Amino acid sequence: MCCKVYDVPPINNKPRGQWCKHCKPGKGCGIWQERPQFCRDFVCTWILDPLLGDEWRPDRSKLVLNHMTTHNVLVVMVDPGMPDAWRKEPYYSALLRIAAKFAEMRHAVEIVVNHDTTVITPTREFHIGSNADEVEFKWAKRTTPQGEFNELIDVVVKTLRVA
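Remember, predicted model here, so these are calculated numbers, not experimental data. (Residues numbered from 1 in each chain as written. Predicted model: local features only at pLDDT ≥ 70, side-chain atom pairs only at ≥ 80, totals over all residues. Heavy atoms only, no water.)

## Comments concerning the side chain of Ser61
Now for step 1: By the secondary structure assignment, Ser61 is in helix α4 (residues 58-61).
Now for step 2: Engagement of the side chain of Ser61 in a polar contact is seen with the backbone nitrogen of Leu63, the distance being 3.1 Å.
Now for step 3: Sequence-distant contacts of Ser61, that is, excluding residues within four places in its chain, are made with Glu55, Trp56, Ala85 and Tyr91. (Helix = DSSP H or I, 4+ residues; strand = E, 2+ residues; numbered from the N terminus. Polar contact = N/O pair within 3.5 Å; in protein donor to acceptor, adjacent residues only side chain to side chain. Contact = heavy atoms within 4.5 Å.)

## Looking at the sheet that holds strand β5 (residues 108-113)
Now for step 1: What the five strands build is an open sheet, ordered β3-β4-β5-β6-β7; its pairing is mixed. With one partner strand each, in any of the chains shown, β3 (63-68) and β7 (125-129) form the two edges of the open sheet. Averaged over neighbouring strand pairs, the angle between their axes works out to 20° when direction is ignored.
Now for step 2: Here strand β6 (residues 116-120) pairs with β7 via four bridges, running antiparallel. (Pairing = 2+ DSSP bridges. Axes fitted to C-alpha atoms, helices over the stretch in contact; angles between N-to-C directions.)

## Brief notes about the pairing of β3
Now for step 1: As judged from the six bridges shared by β3 and strand β4 (residues 73-78), these two strands associate in the antiparallel manner. For Asn66, the partnering residue across the bridge sits in β4 and is Val75.
Now for step 2: Hairpin connection from β3 to β4: four residues lie between these consecutive antiparallel strands, with Asn72 at a positive phi of about 55°.

As structure tokens, this is what we get:
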């Protein structure tokens, strides 16, 4: 799925949503030894996280998870051929649980279908759209009878993507 859902500029500016011409279904990358650094740098969260079961395997779930710790965000890239895959179970409820855990660290969960982005929390969604290049997350500490927690209260678009 990573060969489909990501832009890959070094390979003839391969756009999101189209299969890379080097992808060999069922076999992987046809240029594995010579693949660009862009591809070498990508590490799929499904491979890294033993808590993500076989149902999260990208070719089954149609979701590619990438925890970008430098940006405090889990990016969930969705196969544009199945844009609602993230809303299906068991994924949706699990993503809401992940969003709750991530909020404890003031990390966000972004759902991306092509360039269209939505940030989710356990209680609401922030639709950012397709032209946001850089966003800022606004957090607040909330106190309830159950205790104190971080709540994402706004997502501010800082810069827009230039077409």
